[in-house]
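# Inside the fold
Below, each chain spelled out in residue letters.
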Amino acid sequence: MAMKTPRVNSAMLSQLQGRTVRLTGKVVRLEGDTAILECSDNGNVTVKLNRDSNFADAYVEVICKVTGDTTVSELTSYNLGDNLDMKLVEAVVQSSRAYPYLFNKENEDDGMHGNGYH
């Protein structure tokens with residue numbers, strides 16, 4: 001079975017310590033082994049990059065482990081191009097909380113129910 005990776009924004013990270021999540025954002029800065037992403041809720045997150053990281057576009061999706069309230073550690077990532085509607089991304093993040101049965105195979109719980117995200 002594939003690992004579940006809920007779509008989140010920066011504000012949700014504090015409730016997901018140690019979990020693997022999907023975070024979409026605009027690359028604000030690359031510096032050494034870290035990147036700063038502006039997420040769909042306009043909050044910034046520091047991403048600890050892995051050695052195979054290749055942020056080549058303005059927008060990326062990062063599958064990552066949450067390590068702090070505003071920090072994550074990249075497991076893998078996908079380049080999403082230079083134009084992305086972040087309001088739409090935020091709508092998907094919020095919809096996945098409100099209607100989990102549309103996003104989770106076999107109605108699996110993503111661990112966010114009861115935390116104000118349903």
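Residues numbered from 1 in each chain as written. Predicted model: local features only at pLDDT ≥ 70, side-chain atom pairs only at ≥ 80, totals over all residues. Heavy atoms only, no water.

Position of D41 among the secondary structure elements: in the loop between β3 (34-39) and β4 (44-48). Using a relative accessible area of 24% as the deciding quantity, one classes D41 as partly exposed. Apart from residues lying up to four places away in sequence, D41 is in contact with N9, S10, A11 and E90. Side-chain polar atoms of D41 contact the backbone nitrogen of A11, separated by 3.0 Å. (Helix = DSSP H or I, 4+ residues; strand = E, 2+ residues; numbered from the N terminus. Buried < 20%, exposed > 50% of the residue type's maximum accessible area, 1.4 Å probe, protein only. Contact = heavy atoms within 4.5 Å. Polar contact = N/O pair within 3.5 Å; in protein donor to acceptor, adjacent residues only side chain to side chain.)

Here we come to the pattern of salt bridges. Going through the model one piece at a time under the given rule, you end up with four salt bridges. For E61, the salt bridge goes to R7, with nearest N and O atoms at 2.3 Å. Taken together, the residues E61 in strand β5 (residues 59-68) and R7 in strand β1 (residues 7-8) connect sequence positions 54 residues apart. For E61, a relative accessible area of 9% translates into the label buried. Here E61 ties to R22 by a salt bridge, and the two come within 2.9 Å at their closest N and O atoms. Here E61, found in strand β5, pairs with R22, found in strand β2 (residues 20-31); they are 39 residues apart in sequence, far enough to count as distant. (Salt bridge = Lys/Arg side-chain N within 4 Å of Asp/Glu carboxyl O.)

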